[in-house]
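Remarks on the overall topology
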Amino acid sequence: MRFECNQFSFIWLAQSFMFLEVSSAHSLDFNTILPPNPEEYDNLQPPKEDEQKPTIVRFHVTVLSIDSIDEGSMTYVADIFMSQSWKDNRLHLPENMTSKYRLLPISWLKKMWRPDSFFKNAKRVTFQEMTIPNHYIWLYSDKTILYMVKLTLELSCAMKFEAYPHDTQTCSMKMESLSYTTDDLVFDWESEVPLVVEPAIELPQHILVDTKLGDCMQEYSTGNFTCIEVLFTLERRLGYYLFHTYIPTCLIVIMSWISFWIRADAVPARVTLCVTSLLTLATQHAQSQKSLPPVSYIKAIDIFMSTCTLFVFSSLMEYAIVNIVIGRAEERVSNLMSEVQMIHIEGEIRVPNGTRMTSSPSLRSRSETFERQAQKIDMCSRIVFPFLFIVLNVAYWCYYLS
């Protein structure tokens, strides 16, 4: 038994040494891919095939996820795979390279030339290191170098909220050269598959409706610097705002109309209902602006909420007019009754000083006339207010949904 174990250990050690010998034979050193004269290789100069033409670096982007869209800070977060490929004819292929490509050590990145690309509108870039550093280099048999990296980006997005919450935002991801002008370096997209967007991307309040590739080259005082970009078109979902803002606001406005069916002499009931509706609507309006930055222009939701507030305030003003009409009726009847004194007539009434007085049919008719006017105002309000509110909603939704 011991002889078998020793024999097995010997075979294992022999195989291990053979593996190490093969590994050392196939291991690479950076000097093995340099030109015969290493001093001719400058890792600060782009590898131009022709001195008159710039080096072309082709990009590919795979968007894994888009999330954390923050209107307050005007940022969004994206997880991406990004690849850059370029041809460096100055390099020599390893002698033992028989496959289509060869994986190179990551440490060579500091020794070889690579594009100085950066994300122009990035506020924070996180390099993934779990479970291993998420990047690699390939050297192809035609001396093309491919560098692939996985990143988490927090990018700025200039949002406009004039149509909020019916808005559609266009956010970009810009990649620009830091130190090479277009005379030396040009960024371009891969000809076959430049962009891949994960189809399972699901956002809580937005829909990714479109993605486009663009060119964002910009001229600075030092020259033109190459730049390419990915444009994401994000359309806001309306469901959340419909159930948490629009429907409750409409119900508050409708609730304020209940005062038109309450008797005009029920002052506490009508005033309390209108004032409560007004305060609730103000709170609702403030809540709808909570996630937005303070902007100086008017938004779509401001128009809707302000108009609803105007309707509730008008309900309160309508009762003030009704109360004035009834007050005038009572005041006029009281003045006329004080001038007429009767000894004994049906329908007599007693005033505070003990004198018996009665209201004549003319006084009664005038009082009833003012009461009818007050009731007429309430009856007209029962029709006019809902009609105007329906017209407002039809105009608002037709304009912003189109």
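Residues numbered from 1 in each chain as written. Predicted model: local features only at pLDDT ≥ 70, side-chain atom pairs only at ≥ 80, totals over all residues. Heavy atoms only, no water.

1. Observations concerning the sheet that holds strand β11 (residues 206-215)
Test applied: Any two strands with at least two DSSP bridges between them are considered paired. Secondary structure counts use DSSP, requiring at least four H or I residues in a row for a helix and at least two E residues in a row for a strand, with both numbered from the N terminus. With axes taken as lines fitted to C-alpha atoms, and helix axes fitted only over the stretch in contact, angles between N-to-C directions fall between 0 and 180 degrees.
Judged by pairing direction, the sheet is antiparallel, and its four strands sit side by side in the order β4-β8-β14-β11 without closing on themselves. If you trace the sheet from one side to the other, it starts and ends with β4 (117-119) and β11, each paired once. Averaged over all neighbouring strand pairs, the angle between strand axes comes to 20°, with direction disregarded. Note that strand β8 (residues 168-177) and strand β14 (residues 227-236) share nine bridges and pair antiparallel. Across the sheet, the residue bridging to Q169 is L234, located in β14.

2. Points about unusual backbone geometry
Backbone torsion omega between M130 and T131 reads 0°, so that peptide bond is classified as cis. Structurally, T131 can be placed in the loop between β5 (122-127) and β6 (135-140). The omega torsion of the bond from Y164 to P165 falls at 5°, within 30 degrees of zero and hence cis. Here P165 shows up in the loop between β7 (144-156) and β8.

3. Here's the deal with the confidence of the model for the protein
Spelled out, the test is: The predictor attaches a confidence to each residue, called pLDDT, with possible values from 0 through 100. Contact definition: two residues touch when any of their heavy atoms are within 4.5 Å.
Per-residue confidence for the protein gives a mean pLDDT of 84, with 83% of residues at or over 70. Across residues 1-25, where pLDDT falls below 50, the model places one contact with residues more than four positions away in sequence or in other chains. Ignoring residues within four places in sequence, the model shows residues 341-347, a span with pLDDT below 50, making nine contacts including any to other chains.

4. Observations concerning the nonpolar core
Which entries qualify depends on this criterion: By nonpolar core is meant a set of buried Ala, Val, Leu, Ile, Met, Phe, Trp, Tyr and Cys residues that side-chain atoms within 4.5 Å join together. Categorising residues by exposure relies on relative accessible area from a 1.4 Å probe, with only protein chains included: less than 20% of the type maximum marks a residue as buried, more than 50% marks it as exposed, and the intermediate range marks it as partly exposed.
Ranked by size, the top nonpolar core spans 70 residues in total, and within it V61, Y76, I80, M173 and M175 carry the most contacts. Looking at this core, the element that brings in the most residues is helix α4 (residues 300-339), giving seven residues. Residues within four places of M175 in sequence aside, it is in contact with F59, V61, M82, F118, F119, F187, W189, T226, C227, I228 and V230. Within the second largest apolar cluster, six residues are counted, among which are A264, V322, V325 and A374.

5. A short note on the state of the cysteines
Formally: Defined by distance alone, a disulfide is two cysteine sulfur atoms within 2.5 Å.
The full count for this structure, using the stated rule, is two disulfides. A disulfide bridge connects C157 with C171, and the sulfur atoms are separated by 2.0 Å. Linking C157 and C171, the disulfide has an S-S dihedral of approximately -80° and is accordingly described as left-handed. Linking C157 in the loop between β7 and β8 with C171 in strand β8, this pair joins segments that are 14 residues apart in sequence. Accessibility classification places C157 together with C171 in one group, the buried group. As a non-bridged cysteine, C250 has C308 as the owner of its nearest cysteine sulfur, 5.5 Å distant.

6. A look at the packing of aromatic side chains
The condition is simple: For Phe, Tyr and Trp, where Trp contributes only its six-membered ring, two rings pair if their centres lie within 6.5 Å, and the inter-plane angle classes them as stacked under 30 degrees, edge-to-face over 60, or tilted in between. When the NZ atom of lysine or the CZ atom of arginine is within 6 Å of a ring's centre and also within 35 degrees of its normal, the charge is said to sit over that ring.
Counted under the stated rule, the structure contains 25 aromatic pairs. Pairing F304 with Y396 gives two aromatic rings, centres 5.2 Å apart and planes at 50°, and the pair type is tilted. Highlighted residues: F304 in helix α4 and Y396 in helix α5 (residues 361-401), separated in sequence by 92 residues. Take F304 and Y396: they sit in the same class, and that class is buried. Ring centres 5.3 Å apart and planes at 85° place the aromatic pair Y396 and W397 in the edge-to-face group. Each member of the pair, Y396 as well as W397, carries the same accessibility label: buried. Over the face of the ring belonging to Y147 we find R114, whose NZ or CZ atom lies 5.8 Å from the ring centre.

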